[in-house]
Amino acid sequence: MADRHPLFKPLILVGGLIFGFGLGFSQMARPEVVLNFLQFEDFGLLFVMFGAAIVSGIAFAVMPRIRDTAPLTGDRYERRLKPFDRNVLVGGAIFGVGWGLSGICPGAAYASLGTGNITILWALAGMFVGAYAQGYWRSQRQARDAAATGAD
């Protein structure tokens, strides 16, 4: 991290500002809008996601042709494919339940807080506790698996 470009952190901040502004401007930081999407009553979120995916897809397709490495990190551009396995399916289902119950996803939760929705702090607290619990569970499982492997 020490060899990063000096503008790395400021540009991340600017990216976050743009992201938050876009979520607020498009009304996607409002849980009722997200819940209306999940109930198939308002498809605005779908268009926002498609728009973001198109812009990101173009950037990911064009940048490796222009440069060999990312300008701020120096990392090489490469595809990092995650295997589509049971963890992806189960994790996605659990995420979907949480998304439906809270009416907000993580990025939009922070933007919602920025628009004055203080109640969203409950959802954010739940996300932190849930992520911590998952990390604790995974580390316990890995330790148990390592102990079982070492006993063989």
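This report concerns the structure included in the present document.

How each quantity is defined
Residues numbered from 1 in each chain as written. Predicted model: local features only at pLDDT ≥ 70, side-chain atom pairs only at ≥ 80, totals over all residues. Heavy atoms only, no water. Helix = DSSP H or I, 4+ residues; strand = E, 2+ residues; numbered from the N terminus. Rg over C-alpha atoms; globule rule 2.2 N^0.38 Å. Buried < 20%, exposed > 50% of the residue type's maximum accessible area, 1.4 Å probe, protein only. Contact = heavy atoms within 4.5 Å. Areas by Shrake-Rupley, 256 points an atom, 1.4 Å probe, with all protein chains shown as cover. Lys, Arg positive; Asp, Glu negative; His and termini not counted. Charge placed at Lys NZ, Arg CZ, Asp CG, Glu CD. Phe/Tyr/Trp six-rings, centres within 6.5 Å; stacked < 30°, edge-to-face > 60°. Salt bridge = Lys/Arg side-chain N within 4 Å of Asp/Glu carboxyl O.

## Considering the overall build of the chain
Across its full length, the chain holds six helices and zero strands. Order of helices (α) and strands (β) in the chain, N terminus to C terminus: α-α-α-α-α-α. Its C-alpha atoms give the chain a radius of gyration of 19 Å, more than 25% over the compact-globule value 15 Å for 152 residues. Counting across all 152 residues of the chain, residues that qualify as buried make up 13%. When contacts within the chain are restricted to residue pairs at least 6 apart in sequence, those whose partners lie at least 24 apart make up 44%. Split by element, the accessible area of the chain, about 11,600 Å² in all, is 69% carbon and sulfur. Charged side chains of the chain number 13 positive and 10 negative; the gap between the two group centres comes to 4 Å.

## Brief notes about the packing of aromatic side chains
If you walk through the whole model with that rule in mind, you get three aromatic pairs. Taking 6.3 Å as the distance between ring centres and 45° as the angle between the ring planes, the aromatic pair formed by Phe37 and Trp99 counts as tilted. Linking Phe37 in helix α2 (residues 31-38) with Trp99 in helix α4 (residues 86-102), this pair joins segments that are 62 residues apart in sequence. Of the two residues, Phe37 and Trp99, neither departs from the other in class, the shared state being buried. Their ring planes at 35° and their centres at 5.9 Å tell us that Phe95 and Trp99 sit as a pair that is tilted. One end of the pair, Phe95, and the other, Trp99, are both in helix α4, four residues apart, so they sit about a helical turn from each other.

## Describing the pattern of salt bridges
Pairing is possible between side chains of opposite charge, provided their charged atoms come close. Applying the stated rule across the entire model yields one salt bridge. Across the pair Arg30 and Glu32 runs a salt bridge whose closest N-O atoms are separated by 2.7 Å. Arg30 sits in the partly exposed class, given a relative accessible area of 36%.

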